[in-house]
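Inside the fold
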Amino acid sequence: MGASNIITINGNKYDFENDETVLEVARRNNIDIPTLCHLKGTIPTGACRICVVEVDGARSLLASCTTPAANNMVVQTESPLVVESRKEILKFMLSSGNHNCAISNSFGENWTDFQLKVQEEDGAEELCPVWGDCELQNLAYRYQVTGDDHTATECKYPLEDVNPFIVRDFSRCILCGRCVQACNEVQVNNAIDFGYRGSDAKIIAAGDRALKDSDCVFCGECVQVCPVGALVEKDVRYNVRPWETEKVKTTCSYCGVGCQIYLHIKEDKVVKVTGADVAPNYGSLCVKGRFGYNFIDSPERLTMPLIRKDGELKEASWDEALGYVADKLGNIVKSDGPDSFGLLTSARMTNEENYIAQKFARAVVKTNNVDHCARL
Amino acid sequence: MTNTIGDIKDSDCIFIIGSNTSENHPVISTYIKRAVNNGTKLLVADPRKIKMAELSDLWIRQESGTDAALINGLMNVIIKEGLEDTKFIADRTSGYEEVKKTVEKYTPEYVEGITGIPADKIIKAAKMYGSAKAASIVYCMGITQHTSGTDNVKSLANLAMLCGNMGIAGGGVNPLRGQNNVQGACDMGGLPNVFPAYQPVVNEAAVKKVESIWNTTGLSNKVGMTATEMIPAAHDGTLKALYVIGENPLLSDPDINHAKKSLENLELLVVQDIFLTETAKTADVVFPSKCFAEKDGTFANTERRVQRVRKAVSAPGEAKTDWEITCELAQKMGYDMKYNNCEEIFNEITQVTPSYGGLSYQRIDEVGIHWPCPTAEHPGTPILHTEQFPIGKGNFFPIEHRDPAEMPDDEYPLRLTTGRLLYHYHTGTMTRKSEGLNERASEGFVEVSFEDAKKYELEDGTPVKVSSRRGEIELKVQVSEKAVNGTVFIPFHFTEAAANLLTNAELDPVSKIPEFKICAVKIKKAAA
Ligand code: SF4
Ligand code: SF4
Ligand code: SF4
Ligand code: FES
């Protein structure tokens, strides 16, 4: 960096690094340029053009996510020309497919018919499943546009929900390609790509098969990056709305990678899991971490202590169960010595619990017969 | 891991051995796959043609149980080609000459005879690893679950030191931990020979130190029994009471039939878990505990990063946190063990455990920190051994190949290897209760190669009996291109067709890890 690396954005001067794009410089300085197809950590495709900016001396508007910052460049991020262009893009997106959020307010008087049609296709009596959690909807608000000016185009492809985890709703896909980048560049599962041309364009798994018959491993990275309602978790769709939930950050309990996750809680239940954008996983998860949470409120969970009586395990109070073990264990240790007791702790429990477990064996019973099953 | 997960991107060559990374550590596999997209070379040694093998620059297929021979073979070639790091060997290690002598006879041709890998591929693999500037070794249970597991791990350390791949970015020897908090359970002294932070129980000073922090006396200074020793001890009656917290040895133990008889022999079996597992069903008393989403605490991941666990929802019924249950039991037995919350426990841990000494809940609130982190000012240690090894110089250990405890023969002509699937976790206690995961992989199977399928007249879905000297299970055939002739694979998550009814309880003499990765079996069609 040196005196020669200066860019002017909206009248202010900023330094930049040699390989930075206009978008990156802007974001670093809290200048908000909207994006849709841009996905952090992947090679920019410049597909959606919502991030266009006006650059002095350039013949047309430039996509800020693909344009490298250059010395003495003068950039406007919200000029009338920029705003007009964004509005056009948004209107076009809103008019294709089932964007039945209130804002789309599409089709003027045909609004009701449109809603009824979408709700029938969706099998739900509500607005779009990601209402309130959609980047397209947010931008439509921000630029005050609807899909009204364009003739509505219908989506040719039916919804796909023949797997346990992910619903693919092509009618809400804006073909931004983020899912393709997430699958190919971030997770490198290479399960999906763009298929067909022009107005037939569609995101497909190899051979336009269902995800369950493809190389997809249901990591859900694509769901997490989809800016709209085209990819949604099956259990979340029409069951969970973002304003009904709270998020708690914690660590995945499956494997040793220790991915950082958000548990989304509704009415004291975990209803969804997303990856947190910090080390070690930076948002990525696998199928177990993202979709393996149903065991938490399984009806088979143990709820009461059990004691074996007449050969059968029967419910008991804590006091009774703890007292029973304390007595019996006390007697065994007294008659056969501490080393007649063994404790298996668990590689699934917290550090605190493991610490207490080994302290119990060592300090209370006075034996080192303590181990966990990591060997197994 | 000696290095971090993120560090993988700095490797010029990644050598995966005995790790089915994309299924068992999927997010780590994304780091590896991205590195490969950016030009890092990938070398995979595995008896099965796993996904990572498909993505590799070179896949070498060793017979299960011949890893040490393979690694010696790689070292033989590296030395012959002059690719060793003489400066690192001279400055940082001892015992090199002996290893050099040992590997002399492991020529590519000799190793081909043991491992089944063609000599020219061994040479190619050795050059790939040996000529990389920074090369990382990634391994998992495929290396450790053998009677020669400890030897295998030492062999990998030999290889890494030979090429100076220790203490540098993009290098290292990186075991991937199977269960989420194996690292933490070990750090906390969930082991029969050490207190927290690996302080030996036979060391008088360590005993004194722990006694003074715990404000007690009379701690045992005798090494205790490992899990795999406790089961036989229960069988012969020397172990009378067993307290099992969050484990399911009746599905995870080798030779389940034997384990079951052993546990029945106990005077007292107490099981603490979130579900009525196979083991809990046989208990005298069962304590219901909370799951990870219902409690606070910390886990240490495979790269030694200590991270927070936070309560998100209430527990069902009267379930309690594991530490609460254990503390209440201690109190009932007249021992004063009381904490108001788990942060108090953590603060005690930092006193007993020097490598955690500088950590606090506050410091790891946003992002976890890698131990060792001895003081509050210390930033943590992403890469181990950058300056020197804890013991000063790194020791080379000469290792000879030994055959697995049980080899195929006329009666049991096939090698069985066991492992995990993407959609399930360990004994399936949690994943098999998640409908979606279970739908994707709902039952056990035996994976057979196309040629073996033909030989034994089997098809996809044919019900078969697989038997070993220890037991027999019934399941369906899955003909797969992942399998290689002569070796079959069974995932161990399923009670109905528990692979561990077949496996061999023979242990590695040092680590006491059972030989899950190979035993001899036969296969025949089940009567219709
Ligand atoms: S499915 Fe979502 S992420 Fe993928 S192209 Fe469509 S809108 Fe973009
Ligand atoms: S779930 Fe994962 S593997 Fe499947 S399409 Fe999405 S990103 Fe690709
Ligand atoms: S999300 Fe998957 S890779 Fe990450 S910790 Fe959980 S099980 Fe492991
Ligand atoms: S965000 Fe820049 S072109 Fe889509």
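Residues numbered from 1 in each chain as written. Chains lettered and ligands numbered in written order. Predicted model: local features only at pLDDT ≥ 70, side-chain atom pairs only at ≥ 80, totals over all residues. Heavy atoms only, no water.

Here we look at the domain arrangement of chain A
By the assigned domains, chain A splits into domain 1 (6–78), domain 2 (242–301) and domain 3 (306–372). The gap between the C-alpha centroids of domain 1 of chain A and domain 2 of chain A is 35 Å. (Domains from an automatic or database assignment.)

Quick look at the interface of chain A and chain B
Taken together, the contact pairs 106 residues of chain A with 156 residues of chain B. For the pairing of chain A and chain B, the buried interface totals around 11,000 Å² over both sides, and the portion due to carbon and sulfur atoms is 63%. At the boundary of chain A with chain B, the tally comes to 7 salt bridges. Asp339 of chain A is the partner of Lys222 of chain B in a salt bridge, and the nearest nitrogen-oxygen pair spans 2.6 Å. (Contact = heavy atoms within 4.5 Å. Buried area = accessible area lost by both parts, 1.4 Å probe. Salt bridge = Lys/Arg side-chain N within 4 Å of Asp/Glu carboxyl O.)

Let's talk about the domain arrangement of chain B
All names here are of chain B. Per the domain assignment, the segments making up chain B are domain 1 (6–176), domain 2 (226–288) and domain 3 (414–525). Contacts between domain 1 and domain 3 engage 21 residues on the former and 22 residues on the latter. In total, domain 1 and domain 3 occlude about 2,000 Å² of area from one another, counting both sides; carbon and sulfur atoms represent 50% of this. Per-residue buried area on domain 1 facing domain 3 is highest for Arg48, Gln145 and Thr147; these three make up 34% of the total on that side.

Some words on the packing of helix H4 (residues 67–80) of chain B against helix H8 (residues 119–130) of chain B
Residue and element names in this part refer to chain B. Two elements in contact, H4 and H8, have axes separated by 8 Å at closest approach and are oriented at 70 degrees. Relative to H8, the element H4 lies roughly perpendicular. For the pair H4 and H8, the sense of crossing is right-handed. On H8, the residues that touch Gly73, Leu74, Val77 and Ile78 of H4 are Ile122, Ile123, Ala125, Ala126, Tyr129 and Gly130. Tallied by class, residues from the contact of H4 with H8 come to 8 nonpolar, 2 polar and no charged. (Axes fitted to C-alpha atoms, helices over the stretch in contact; angles between N-to-C directions. Helix = DSSP H or I, 4+ residues; strand = E, 2+ residues; numbered from the N terminus. Parallel < 35°, antiparallel > 145°, perpendicular 65-115°, else oblique. Left-handed = near helix turned anticlockwise from the far one by under 90°. Nonpolar A, V, L, I, M, F, W, Y, C, P; charged D, E, K, R; others polar.)

Considering the pairing of strand E19 (residues 472–479) of chain B
Residues and elements named next belong to chain B. Sheet topology places strand E17 (residues 445–448) next to E19; 4 bridges connect them, and they run parallel. Counterpart to Phe445 in the pairing with E19 is Lys476. Note that strand E18 (residues 463–467) and E19 share 5 bridges and pair antiparallel. Paired with Val466 across the bridge in E19 is Ile473. Turn length for the E18-E19 hairpin, with the two strands adjacent in sequence and antiparallel, is 4 residues. (Pairing = 2+ DSSP bridges.)

Details of the pattern of salt bridges
Residue and element names in this part refer to chain B. Summed over the entire model, instances satisfying the criterion amount to 41 salt bridges over all chains. Between Arg402 and Asp151 there is a salt bridge whose closest N-O contact spans 3.1 Å. Linking Arg402 in the loop between strand E15 (394–395) and strand E16 (414–419) with Asp151 in helix H10 (residues 149–162), this pair joins segments that are 251 residues apart in sequence. Classification of Asp151 as buried rests on a relative accessible area of 18%. (Buried < 20%, exposed > 50% of the residue type's maximum accessible area, 1.4 Å probe, protein only.)

Looking at the site of ligand 2
With respect to spatial proximity, the complete set of residues near ligand 2 consists of Ile166, Cys183, Asn189, Ile192, Cys216, Val217, Phe218, Cys219, Gly220, Glu221 and Cys222 of chain A. Here the residues of the shell around ligand 2 sort into 8 nonpolar, 2 polar and 1 charged. (Near = heavy atom within 4 Å.)

Here's the deal with the packing of helix H7 (residues 108–115) of chain B against H8 of chain B
Residue and element names in this part refer to chain B. Axis separation between H7 and H8 bottoms out at 8 Å; the angle between their running directions is 110 degrees. Taken as axis vectors, H7 and H8 run roughly perpendicular relative to one another. In the crossing of H7 with H8, the sense of the turn from one axis to the other is right-handed. Each of Pro108, Glu109, Val111, Glu112 and Thr115 in H7 lies in contact with H8, whose residues at this interface are Ala119, Ile122 and Ile123. Looking at side-chain class alone, the contact of H7 with H8 contains 5 nonpolar, 1 polar and 2 charged residues.

Focus: empty space enclosed by the protein
Residues and elements named next belong to chain B. A complete count under the given rule lists 11 cavities of 30 Å³ or more for this structure. Considering the residues around the largest cavity, the lining is formed by 24 residues, among which Gly18, Asp46, Gly142, Thr418 and Lys517 are closest to the centre. Of the residues assigned to the lining of the largest cavity, the class counts are 6 nonpolar, 13 polar and 5 charged. Taken domain by domain, the makeup of the lining of the largest cavity includes at least three residues from each of domain 1 (6–176) and domain 3 (414–525). (1 Å grid on protein atoms, 1.4 Å probe; cavity = no way out; pocket = protein on both sides within 12 Å on 5 of 7 lines; lining within 4 Å. Points joined across faces, edges and corners; volume = space filled by probe spheres on them.)

Observations regarding the site of ligand 1
Around ligand 1 sit 13 residues, and of these Cys173, Cys176, Gly177, Cys179 and Cys226 of chain A come closest. Here the shell around ligand 1 is composed, by residue class, of 11 nonpolar, 1 polar and 1 charged.

Some thoughts on the pairing of strand E13 (residues 305–309) of chain B
Residue and element names in this part refer to chain B. Taken across its 5 residues, E13 has 5 buried, putting it largely inside the fold. Here strand E12 (residues 297–300) pairs with E13 via 4 bridges, running antiparallel. Of the residues in E13, the one forming a bridge with Gly297 is Val309. Linking E12 to E13, which pair antiparallel, is a turn of 4 residues; within it Arg304 sits at a positive phi near 65 degrees. Relative to strand E14 (residues 369–370), E13 is paired through 2 bridges, and the arrangement is antiparallel. From the neighbouring strand, Val306 faces E14, where its bridge partner is Ile369.

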